[in-house]
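Analysis of the macromolecular model
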Amino acid sequence: MAPSSVHPFRNPRSGIARFLPHWVPMLFIGGFLVVIAVNATLIFFAEDTFSGLETENAYERGLDYNTTLAAETAQKRLGWQYRAAISDVADGQRTLSVRMTDQSGNPLDGLKVQAYLVRPSNDGMDVSLAPKSAGDGRYTAQFALPAPGQWELRLVARRGDVAWQQSERLFVK
């Protein structure tokens, strides 16, 4: 019997049966495509949200570490304490109030106090203040804050050759 064009030749491995032996490589390729897509998304958001802030002169600051530890020990022996507060907005101005006391809780007057409000997440928004003595160990300064949110208050107080510094995080509404 001669082949006829009436009945087409049927290949038993046509359609889905022909695809089945190749599903394992396709599964690997699909898995790698998912991993690549997730990594690309993470890289995009990591690069897009990085503020670029980093420690300036990191090497020099690392070399001064022992000096920093010695200064911290001397500061602990000094025993000065503080309480700081930032008032709410009044006519666009806020007030920084700092009360300085010694180990016994006696007020510390006659200090030269410097205050720095540093925005941890944005460079260029920092505020430098020179609080004035208000008596009874209190020092105050008025200022305008560029934006509400998370701030780091860095205080530096000096009396002659004696220097003291402290920092704390504040959330300002």
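Residues numbered from 1 in each chain as written. Predicted model: local features only at pLDDT ≥ 70, side-chain atom pairs only at ≥ 80, totals over all residues. Heavy atoms only, no water.

Below, the discussion takes up the sheet that holds strand β8 (residues 162–172). Taken in spatial order, the 4 strands of this open sheet run β4-β3-β7-β8, and their pairing is antiparallel. Of all strands in the sheet, those with a lone pairing partner are β4 (127–129) and β8, marking the two edges. Across the sheet, the axes of successive neighbouring strands diverge by a mean angle of 15°, strand direction being ignored. Summarising the sheet, strand β3 (residues 112–118) and β4 pair through 3 bridges and their orientation is antiparallel. Each residue of the ladder has a partner; that of leucine 117, found in β4, is valine 127. (Pairing = 2+ DSSP bridges. Helix = DSSP H or I, 4+ residues; strand = E, 2+ residues; numbered from the N terminus. Axes fitted to C-alpha atoms, helices over the stretch in contact; angles between N-to-C directions.)

Let us look at the nonpolar core. Ranked by size, the top nonpolar core spans 25 residues in total, and within it Met100, Leu111, Leu117, Leu129 and Leu153 carry the most contacts. For this core, the secondary structure elements donating two or more residues are β2 (94–101), β3, β4, β6 (138–143), β7 (149–159) and β8. A per-element tally of this core places β7 first, with 4 residues. Setting aside residues up to four positions removed in sequence, leucine 117 forms contacts with Ile86, Asp126, Val127, Leu129, Phe143, Leu145, Trp151, Glu152 and Leu153. (Core = buried A, V, L, I, M, F, W, Y, C linked by side-chain atoms within 4.5 Å. Buried < 20%, exposed > 50% of the residue type's maximum accessible area, 1.4 Å probe, protein only. Contact = heavy atoms within 4.5 Å.)

Its boundaries defined by the atoms lining it, the largest pocket holds a volume of some 550 Å³. If you go around the largest pocket, you meet 15 residues; those closest to its centre are Thr68, Gln75, Leu155, Gln165 and Gln166. Of all the elements in the fold, those that place two or more residues in the lining of the largest pocket are α4 (65–78), β7 and β8. Each residue belonging to the lining of the largest pocket can be placed in one class, and the counts come to 5 nonpolar, 5 polar and 5 charged. (1 Å grid on protein atoms, 1.4 Å probe; cavity = no way out; pocket = protein on both sides within 12 Å on 5 of 7 lines; lining within 4 Å. Points joined across faces, edges and corners; volume = space filled by probe spheres on them. Nonpolar A, V, L, I, M, F, W, Y, C, P; charged D, E, K, R; others polar.)

Here the focus is the sheet that holds β6. With respect to topology, 4 strands assemble into an open sheet ordered β1-β2-β6-β5, the strand pairing being antiparallel. Each end of this open sheet is capped by a strand with a single partner; those strands are β1 (81–86) and β5 (132–135). Adjacent strand axes in the sheet meet at a mean angle of 25°, parallel and antiparallel pairs treated alike. Examined bridge by bridge, β5 and β6 share 3 bridges and lie antiparallel to one another. Looking across to β6, one finds that glycine 135 is bridged to arginine 138.

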